[in-house]
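Single-letter residue listing:
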Amino acid sequence: MATLLEGKKVAESVYSKILLDISLLPTIPKIVFVLVGDDGASKTYVNAKGKKCTDLGLQSETLRLPNDVSEEDLLRKISELNKNKNVHGILVQLPLPKKINKARVLAEIDPLKDVDGLHPENAGRLLQGEPRFSPCTPAGVIEMLKFYNIPIEGKNAVVVGRSEIVGKPMALLLLMQNATVTVVHSKTSDLKAVTKAADILVVAMGKPNFIGADHVKAGAVVVDVGIHRTPDGLVGDVDFKAVEPKVSAISPVPGGVGPMTICMLMKNLLTAATLQQKK
Ligand code: GUN
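Here the structure is a predicted model, which is why all the values come from computation and not from measurement.

Chemist: Got a sec to walk through the side chain of Glu71? Specific residues and values, please.
Modeler: Along the chain, Glu71 falls in helix H3 (residues 71-83). Excluding anything up to four places from it in sequence, Glu71 contacts Lys99, Ile100, Asn101 and Arg104.

In structure tokens, the structure reads:
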């Protein structure tokens, strides 16, 4: 039986440390979620993040803007949040409406308040191996692998997907742990040949149940970042039933990576508040 990589357990151990760190801060950190439009999944994610803040005794607020908000207005709102000393973290929930230039919006966030780690300065720091805020989902994957004492150094790590928010930073974080990293994506000619060579396979491709038993090596560690609502309930990018019997460890969906994303966001918020307090 494969070891289940249960993000909930990992997150609980991180939260006990976070609670201690919160108690040492002179002010209670505050995060503002910027939610544009009424995408159902985005609302659910923002609500879950806000609830976790409440549970931990952190302050949070959601700034809701209409789907047709202009880019200039959105930038102005972010600029106001940048100047507000009572706000320590700013998270612009993605995706944004198509007509808004996402890169411009993310670059507007004060890099010291960029708890998502998506500002070009923070992305650049990660590239240089000196991260300030690592994007939450990939940081959560590393935290999870460490919690379960899964060795990373020298391993063949394959990342499926090359998004700015998961795939690319995941590859960089695995490199920082001295893995040999390969990134595969929708244009890779023989994806299966590469995934089959992985000791650690991180899947963030956005296709329900895509990775089957014949994509993985026996004994591999599989981390499933996908999450999809289907008539059969929530499923990941990995066909759990087919893959689990073949591998040594696998993260389930739900209950795997999901809780880690919020957990790392809370950790980043604390880092942000600490950095701003020092400033
Ligand atoms: N949309 C889906 N996941 C995320 C995330 O981690 N951060 C932001 N800002 N938007 C998201």
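Chemist: Break down the sheet that holds strand S4 (residues 89-92) for me, citing the residues and quoting the values.
Modeler: Here we have three strands laid out as an open sheet, ordered S3-S2-S4, and parallel in their pairing. Single-partner strands in this sheet number two, and they are strand S3 (59-65) and S4. Sheet twist, expressed as the mean angle between neighbouring strand axes with direction ignored, is 20°. Taken together, the seven bridges between strand S2 (residues 30-36) and S3 define a ladder with parallel strand orientation. Bridge pairing in S3 links Phe33 to Thr62. Where helix H2 (residues 40-56) meets the sheet, its contacts fall on S2, S3 and S4, and the angle it forms with S2 comes to roughly 170°. Running at roughly 125° to S2, helix H10 (residues 258-278) makes contact with S2 and S4 of the sheet.

Chemist: Residues and numbers for the site of the ligand, please.
Modeler: Near the ligand, the surroundings consist of Leu91, Val92, Gln93, Leu94, Asp116 and Ile165. Separating a nitrogen atom of the ligand from a side-chain N or O atom of Asp116 is a distance of 2.4 Å. Taking 280 Å² as the accessible area of the ligand by itself, protein coverage stands at 81%. Residue classes in the shell around the ligand are distributed as four nonpolar, one polar and one charged.

Chemist: If you had to explain the nonpolar core to someone new, which residues and values would you point to?
Modeler: Counting 54 residues, the largest nonpolar core has Leu145, Leu174 and Met266 as the members making the most contacts within it. The greatest single-element share of this core, amounting to 10 residues, is contributed by H10. When sequence neighbours within four positions are dropped, the list of residues in contact with Leu145 reads Ile150, Ile152, Leu174, Ile200, Val221 and Val223. The next biggest cluster of nonpolar side chains, apart from the first, holds 19 residues, and it includes Val87, Val92, Ile100 and Val105.

Chemist: With reference to specific residues and values, describe the sheet that holds strand S8 (residues 221-224).
Modeler: The strand order S1-S11-S8-S7-S5-S6 describes an open sheet built from six strands, whose pairing is parallel. The sheet terminates laterally at strand S1 (3-4) and strand S6 (180-184), the two strands that pair on one side only. Note that S1 and strand S11 (residues 249-250) share two bridges and pair parallel. Note on S11: the bridge partner recorded for Leu4 is Ile250. Where helix H6 (residues 136-147) meets the sheet, it contacts strand S7 (200-203) and S8, and its direction lies at approximately 145° from that of S8.

Chemist: Could you give an account of the pairing of S6, with specific residues and numbers?
Modeler: Here five bridges tie strand S5 (residues 156-160) to S6, and the two strands are oriented parallel to one another. Its bridge partner lying in S6, Ala157 is registered against Val181. Each parallel crossover has a hand, and the one from S5 via helix H7 (residues 167-176) to S6 is right-handed.

Chemist: Before we move on, could you go through unusual backbone geometry and cite the residues and values that matter?
Modeler: With an omega dihedral of 5°, the bond running from Leu94 to Pro95 counts as a cis peptide bond. Even without being glycine, Asn149 reaches a positive phi, approximately 55°. One can find Asn149 in the loop between H6 and S5. By relative accessible area, which is 68% here, Asn149 ends up exposed. A positive phi is found at Asn178, a non-glycine position, where the angle reads about 70°. Along the chain, Asn178 falls in the loop between H7 and S6. The exposure class of Asn178 is partly exposed, given its relative accessible area of 44%.

Rules of the game
- Residues numbered from 1 in each chain as written.
- Predicted model: local features only at pLDDT ≥ 70, side-chain atom pairs only at ≥ 80, totals over all residues.
- Heavy atoms only, no water.
- Helix = DSSP H or I, 4+ residues; strand = E, 2+ residues; numbered from the N terminus.
- Contact = heavy atoms within 4.5 Å.
- Pairing = 2+ DSSP bridges.
- Axes fitted to C-alpha atoms, helices over the stretch in contact; angles between N-to-C directions.
- Near = heavy atom within 4 Å.
- Polar contact = N/O pair within 3.5 Å; in protein donor to acceptor, adjacent residues only side chain to side chain.
- Areas by Shrake-Rupley, 256 points an atom, 1.4 Å probe, with all protein chains shown as cover.
- Nonpolar A, V, L, I, M, F, W, Y, C, P; charged D, E, K, R; others polar.
- Core = buried A, V, L, I, M, F, W, Y, C linked by side-chain atoms within 4.5 Å.
- Buried < 20%, exposed > 50% of the residue type's maximum accessible area, 1.4 Å probe, protein only.
- Right-handed = clockwise from strand over helix to strand, strands pointing away.

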